[in-house]
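Coordinates in review
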Amino acid sequence: MKSALEIAAAVRSGQSALVAVEESLTAIRARNEELNVFLYVDEDGARAAAARVDEQVRRGEDPGLLAGVPIALKDNLCTTGIPTTCSSKILEGWQPPYNATVVDRLVAQGAISMGKTNLDEFAMGSSTENSAFGPTRNPLDPSRVPGGSSGGSAAAVASNMTPISLGSDTGGSIRQPAALCGLVGVKPTYGLVSRYGLIAFASSLDQIGPFANSVTDAALLLEAIAGHDPLDSTSLPEPTPSLLAHVNDGVAGKRIGLVRELVDGADEDVVRAVNKAVATLKDAGAIIVELSMPELHLGLSAYYLIAPAEASSNLARFDGVRFGNRVDGEDVTAMMEATRTAGFGAEVKRRIMLGTYALSAGYFDAYYGQALKVRTRMIEAFAAAYQQVDMIIGATTPSVAFAFGSKTNDPMAMYLNDVFTIPTNLAGEAAISVPFGTGEANLPVGVQLLGPGRSEARLFAAARVLEIADGRA
Amino acid sequence: MMLPNGWEMVVGLEVHTELKTKTKLFCGCANEFGSAPNSQVCPICLGLPGSMPVLNERAVELAMAIGFALNCTIQDSTFHRKNYFYPDMPKDYQVSQYDLPINARGYLDLPDGSRVSIERAHMEEDTGKTTHLGTSGRIHGADRSLVDYNRSGVPLVEIVSGPDIRNPQQARDYVAELRSILVAIGASDGRMEEGSLRVDANVSVHKPDTPFGTRCEIKNLNSLRSLTRAIEYEALRQIDVLEDGGSIRQETRHWDEDRGETSTLRVKEEAEDYRYFREPDLVDLAPDQAWKDRVLAGLPKLPARRRQDLEALMTNPTDAQRDGVTTVVDLNLDIYVEGVAQAQGDVALAVARAANELAANIEKLANLTVENFVATVAMEQSGQLSATQAKNVLSELLDQGGDPVSVAKAKGFEQLSTDSLSATVGELIVANPDEWQRFKDGDDKLAQFFIGLVMKATKGQANGKAVIAELQSRR
């Protein structure tokens, strides 16, 4: 499949948007049953949208940056007219009466939604095994997981069903599946992309971001959706940064910190890839600075208090009263209990209980309060590091894609998948995962580049250097 | 009221006021009372998945205005989530202010000279309204429950007083004064019966110079009458318990207006753990000095000051006249009285007419210009109109508009000529010789007897003062 940039250029110069849409539908038909990527394929909606884009071109209007580009949307983004489930039984069949801001922005830029992709229920997981509608398989090796929670959106691009897709990243849910599926995945600066219409997991950590086969396509997609939204009070007020224009800026003279704690504990093949990436960037003119940030080890523990605490509150509204599935009970309280008992899966319940406990009177200070202090230290540690360097390099995940079931009975082992990605979410900063080389079983390895708030352009430029050296562009 | 055996009551009040904004606290839905159920809702105030709050600027301004009016410190503040499950609360948490309210530490001075401290006045969102169908009328055992979310997300300010109130009358004065202020600054319409102003009372009893007793919180106080009755009942109930050797347990109690008693709603051990934490969907609220200055500059003259200014226009006002002034200020009738003062008219008379005739027809005020009110009072003062006639003219002006001279003429309220009055008085004296003799002997009460006869004979057209003058001249 062509890149998003190529499709948009072709459509803008007169090629029917239906060409790419039909190509996408053919790819979905070929493998969706096997891989369980899309929970809902919006065939009619996609064709109608393609016709509208064609009509715009015929009238001499510019359909936008993503003219006629098929895109897959993680099913925790609200979309009118089609279901949004969060891969949960509790929302099965629900159709939001409104679009997420990112969805409206995609439409305004000419993108064509092909449908909604599978995820770990309410974005809680690292393998997409927690979906109420079955796991998604890794297109590169269907015996392995695609990562999670945005596994469906990663698999959509990795299997060429769409050239780009959107996921959400609360603790690594874009970068980890990007690494496991050999894609570029971006966790933008907190507030760069509007969260309005993203069904919240942990509001202070969630960000929507792109998956793509290339750095350029990822930059294009992020540029299309970024920017202030009056409907999201936490969205940054500054104007949308120019990203695409800077992807070829290189890294000459840039100071890049190699942080030991973002590599230690990773498998040997992953460590090897990171070291090779460091050498590549050095060759391209970067100055490598070795750093130690011991605080990063505290991130996982803090995250697994803060995220569940917010989730316990965010998920309270799924009570059967106004929307979604309802299981009747003797009275309102019994109805709510029955609805939530039947509607939520095991991992969601585990995190709601964790979070409820962490916020409870008598435990608040020791758990949630303490986690907030750790978070502050994390922010300070990054700020200090960025006094010395322009960006940081490390691994995205401890290993390449793992086999189904290998971590489902050990929540801690599963949680450890996010150990390198979580610090960025806690700090509200930017990070990108870019595929670089291969590891065990010839599976892709992701290298992670981290930067301060609004440093995306810088990160894209560095990722592009690695992408070219890896022979991917 | 006096409590028996030296007991003293200690009362603190929590007053919730809905803010008079055009839209709700976190979304663009209309903030209006009485619309069709669930006609003023959107994804945000319904708490649909993915929706997010955006703070209403006007609500912040009104909250700051309340803070200034209550002598509070307006500070940088944050929002928290108060988590509990209830069907009329769409998100199953309420966005409220917790450890950092927008307004901290103020006070309210009452007309009796006492001062009640204000601990805080913070912003929060209102819930929807549940109606339980079935025999019980409550959530337990209801056949069905219907929820109207029109009220969900309506901005509220909760004003929390210190435990400074010592009797029911003071509690009543506090709420009345607070309501008057909220109405005056445009923050609230102050309607307790519609629920736009809601009061909870924390009541305990103790002996002076001993620590405060355990308090109970009384809910459902929908009028000033309920407030005073409930506080009195609750204090006496607690004293009974304590004097019988029992102890008070901290609990929330419900006021039953019909039975005139409080009853246990829930005890403290059953109290919810609200798991407060910072609302991550909102940013800190930090109004800059310029904004605060604008709000302060826009604050109107407050009721206490307005009453003071009106009373200063009268010489030694009586208690009844001071009550009249309070009514004038509460109903925003100051301009009428001030108009009379500016025209060098009788201010006490103006207050009496405003606090009675105008107050009773508040919805018709648009028909009555200040100028016409001033003219009517002047006509009464000069004797051109009797009191009865003046009231009659005002009533007509309020009903139909027009000017008092024409209305008086049309009604035939023309001044009786002095000759005609004199002739009438003369006839009545002849017809009632015994009464006239007693009047002449110094029984002043008989003046009223003759005024009544004159009024009857002249169909109310005579001026009472003129009659007295005529009687005196013949005495």
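None of the values given here were measured: they were computed from a predicted structure.

Here the focus is the overall build of chain A. Looking only at helices and strands, one finds 15 helices and 11 strands in chain A. Radius of gyration (C-alpha) of chain A: 21 Å, near the 23 Å computed for a compact globule of 473 residues. Principal axes of the C-alpha set define a box for chain A whose edges measure 70 × 60 × 45 Å. In chain A, buried positions account for 63% of the 473 residues. In chain A, 76% of the contacts between residues at least 6 apart in sequence involve partners at least 24 apart.

Let us look at the overall build of chain B. Within chain B, the regular secondary structure consists of 15 helices and 14 strands. By its C-alpha atoms, chain B is 85 × 55 × 50 Å across when sized along the principal axes. Per-residue burial for chain B yields a buried fraction of 40% across its 475 residues. Within chain B, contacts between residues at least 6 apart in sequence are counted, and of these 69% link residues at least 24 apart.

As a further point, take the sheet that holds strand S5 (residues 184-187) of chain A. All names here are of chain A. What the 11 strands build is an open sheet, ordered S1-S3-S2-S4-S6-S5-S10-S11-S9-S7-S8; its pairing is mixed. Where the open sheet ends on each side, the last strands, each with one partner, are strand S1 (38-41) and strand S8 (287-291). Sheet twist, expressed as the average angle between the axes of neighbouring strands with direction ignored, equals 30°. Of the pairings in the sheet, the one linking S5 to strand S6 (residues 207-212) comprises 2 bridges and is antiparallel in character. Note that in S6 the partner of Gly 185 across the bridge is Phe 211. Running over the sheet, helix H5 (residues 151-158) touches S1, strand S2 (70-74), strand S3 (112-117), strand S4 (164-169) and S6 and is turned about 155° from S4.

On to helix H5 (residues 303-311) of chain B. Looking at H5(B), one finds that the buried residues are Pro303(B), Arg306(B) and Leu310(B). Summarising the axial view, the buried residues of H5(B) lie within an arc of 60°, below the 170-degree limit, and thus occupy one face.

Each partner contributes residues to the interface: chain B has 28 residues there, and chain A has 34 residues. Residue composition of the side of chain B that touches chain A, grouped by class: 17 nonpolar, 5 polar and 6 charged.

This paragraph deals with the packing of helix H6 (residues 319-330) of chain B against helix H8 (residues 347-358) of chain B. The description of two helices packed together rests on the angle between their axes and the distance between the axes. Residues and elements named next belong to chain B. Where H6 meets H8, the closest approach of the two axes is 9 Å, and the angle between their N-to-C directions is 55°. In terms of axis orientation, H6 runs oblique to H8. Note that H6 runs across H8; the crossing there is left-handed. Two secondary-structure elements touch here, H6 through Gln 321, Gly 324, Val 325, Thr 327 and Val 328 and H8 through Ala 348, Val 351, Ala 352, Ala 354 and Ala 355.

Next up on the list: the environment of Asp88(B). Residues and elements named next belong to chain B. Among the secondary structure elements, Asp 88 is positioned in the loop between strand S3 (80-83) and strand S4 (93-96). Owing to 20 C-beta atoms within 10 Å, Asp 88 belongs among the buried residues under this scheme. The residues touching Asp 88, leaving out its near neighbours within four places in the chain, are Thr 127, Gly 128, Lys 129, Thr 130 and Val 147.

Cis rather than trans, the peptide bond between Gly148(A) and Ser149(A) has omega equal to 10°. Note that Ser149(A) resides in the loop between S3 and H5. For Ala441(A), which is not glycine, the phi torsion reads 60° and is therefore positive. Structurally, Ala441(A) can be placed in the loop between strand S10 (430-438) and strand S11 (444-451). Positive phi values are uncommon outside glycine, yet Asn220(B) reaches one of about 70°. With respect to the helices and strands, the residue Asn220(B) is situated in strand S11 (residues 216-221).

Below, the discussion takes up the domain arrangement of chain B. Residue and element names in this part refer to chain B. Entries for chain B in the domain assignment read domain 1 (4-296), domain 2 (303-410) and domain 3 (418-474). Of note, the centres of domain 2 and domain 3, computed from C-alpha atoms alone, are 28 Å apart. Every contact between the two is made by 5 residues of domain 2 and, on the other side, 6 residues of domain 3. Tallied by class, residues from the side of domain 2 that touches domain 3 come to 1 nonpolar, 4 polar and no charged.

What follows deals with the nonpolar core. Of all hydrophobic cores here, the largest spans 159 residues; its most connected members are Val69(A) and Ile112(A). The contact partners of Val69(A), leaving out residues within four places of it in the chain, are Ala4(A), Ile7(A), Ala8(A), Ala20(A), Ala111(A), Ile112(A), Pro163(A) and Ile164(A). In terms of nonpolar packing, the next biggest core, distinct from the first, is built from 63 residues, Met64(B), Met123(B), Val183(B) and Leu221(B) among them.

Residues and elements named next belong to chain B. Where helix H7 (residues 334-342) contacts H8, the axes come no closer than 9 Å and their chain directions differ by 155°. Relative to H8, H7 is oriented roughly antiparallel. Note that H7 runs across H8; the crossing there is right-handed. Contacts from Tyr 336, Val 337, Val 340 and Ala 341 of H7 reach H8 at Val 347, Ala 350, Val 351, Ala 354 and Leu 358. Partitioning the contact of H7 with H8 into residue classes produces 9 nonpolar, no polar and no charged.

On average, chain B scores 92 in pLDDT, and the residues at 70 or more come to 97%. Under the prediction, the complex receives an ipTM of 0.96, its pTM being 0.90.

Attention now goes to helix H1 (residues 4-12) of chain A. Residue and element names in this part refer to chain A. Those residues of H1 that sit buried are Ala 4, Leu 5, Ile 7, Ala 8 and Val 11. The arc that holds the buried residues of H1, viewed along the axis, is 165°, so those residues lie on one side. Against helix H2 (17-35), helix H3 (43-58), S4, S6 and helix H7 (215-225) lie the buried residues of H1. Residue Gly 14 follows H1 closely and has a positive phi angle near 115°.

In this section: the pairing of strand S13 (residues 261-267) of chain B. Residues and elements named next belong to chain B. Across 6 bridges, the pairing between strand S12 (residues 251-256) and S13 is antiparallel. Looking across to S13, one finds that His 254 is bridged to Ser 263. The hairpin turn running from S12 into S13, its antiparallel successor, is 4 residues long, and Gly 260 in that turn takes a positive phi close to 70°.

Within the secondary structure, Arg59(A) is located in the loop between H3 and S2. Along the chain, Arg59(A) and Ser233(A) lie 174 residues apart, while their C-alpha atoms are 37 Å from each other.

Moving on: the environment of Ser165(A). Residue and element names in this part refer to chain A. Locating Ser 165 in the fold gives a position in strand S4. Along the chain, Ser 165 and Leu 221 lie 56 residues apart, while their C-alpha atoms are 8.6 Å from each other. Apart from residues lying up to four places away in sequence, Ser 165 is in contact with Ile 71, Ala 72, Thr 117, Ser 153, Ala 156, Val 157 and Phe 211.

What counts as what
- Numbering of residues starts from 1 in each chain and follows the order in which that chain's sequence is written.
- Chains and ligands are labelled sequentially in the order written, the chains with letters from A and the ligands with numbers from 1.
- Only residues with pLDDT of 70 or above have their local features reported here, since the model is predicted, and side-chain atom pairs are shown and tallied only from 80 upward, although totals for entire chains, interfaces and linings are computed over all residues.
- The numbering of helices and of strands both runs from the N terminus, where a helix is a DSSP run of H or I of at least 4 residues and a strand a run of E of at least 2.
- Computation of the radius of gyration draws on C-alpha atoms, with the globule rule given as 2.2 Å multiplied by the number of residues to the power 0.38.
- Any residue surrounded by 20 or more other C-beta atoms within 10 Å of its C-beta is treated as buried, while 12 or fewer makes it exposed and the intermediate range makes it partly exposed; C-beta atoms here are placed from the backbone.
- Once C-beta atoms are placed from the backbone, any two residues with those atoms within 7 Å are in contact.
- A pair of strands is considered paired only if DSSP assigns at least 2 bridges between the two.
- Axis geometry follows a simple rule: fit a line to the C-alpha atoms, using only the stretch in contact for helices, then measure angles between N-to-C directions, giving values from 0 to 180 degrees.
- Think of it as the arc spanned by the lines of direction from the helix axis to the C-beta atoms.
- Under the scheme applied, nonpolar residues are Ala, Val, Leu, Ile, Met, Phe, Trp, Tyr, Cys and Pro; charged residues are Asp, Glu, Lys and Arg; polar residues are all the others, including Gly.
- If an angle is under 35 degrees, it is roughly parallel; if it is over 145, roughly antiparallel; if it lies from 65 to 115, roughly perpendicular; otherwise it is oblique.
- Each crossing is labelled by how the near helix is turned from the far one, with a counterclockwise turn of less than a right angle marking it left-handed and a clockwise turn marking it right-handed.
- By convention here, the domain bounds are inherited from an automatic or database domain assignment.
- For this analysis, nonpolar core means a set of buried Ala, Val, Leu, Ile, Met, Phe, Trp, Tyr and Cys residues linked through C-beta atoms within 7 Å.
- What pLDDT expresses is the predictor's confidence in each residue, scored from 0 to 100.

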